[in-house]
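Chain residues, written in single-letter form:
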Amino acid sequence: MVGLFKHPKRKIKKLIKDGEYGDAIKLGKSLESQYSDDHDFMFIMGSVYFLVDDAKNALPYFEKAFELDETDVETLKLKTNVHLALEQKDKAIECCKQVLKIDSKNSEAQNLLEKLEN
């Protein structure tokens, strides 16, 4: 158990795994200033907000995570879903195109892009 307190990202992941999303968000918010330049932390926080259907709060975390690692396709995919949840079709299209720049054979992004452009 000591390891969870030495590794707060693990603690947040455990809370999420256990379905304790509110506690995960509360812990994450308390640690945010320490981990503001940590891609994984930003991804985790964006994910937990997305899990509780709070796309508006998820978006800044995914944007920051992408800023910290512009090759992370998973971040871009979730960012695309957030834009779709916020009814921001143009931004979702932009994310799909970014995914395809990184991984030109990504069928998920190709299919979604075709749907969004038609």
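Source: prediction; values computed, not measured. (Residues numbered from 1 in each chain as written. Predicted model: local features only at pLDDT ≥ 70, side-chain atom pairs only at ≥ 80, totals over all residues. Heavy atoms only, no water.)

**Observations concerning the pattern of salt bridges**
Between side chains of opposite charge, a pair can form as their charged atoms come close.
Okay, step 1: In total, this model carries eight salt bridges according to the counting rule given.
Okay, step 2: Its salt-bridge partner being D18, residue K14 comes within 2.7 Å of it at the nearest N-O pair.
Okay, step 3: For the salt bridge of K64 with D37, the shortest nitrogen-to-oxygen distance reads 3.4 Å. Separated by 27 residues along the polypeptide, K64 in helix α5 (residues 55-68) and D37 in the loop between α3 (21-31) and α4 (39-51) bring together distant segments of the chain.
Okay, step 4: Take D37: its relative accessible area is 60%, and that puts it in the exposed class.
Okay, step 5: By sharing partners, the salt bridges in this structure join D37, K64 and E67 into a single network. (Salt bridge = Lys/Arg side-chain N within 4 Å of Asp/Glu carboxyl O. Helix = DSSP H or I, 4+ residues; strand = E, 2+ residues; numbered from the N terminus. Buried < 20%, exposed > 50% of the residue type's maximum accessible area, 1.4 Å probe, protein only.)

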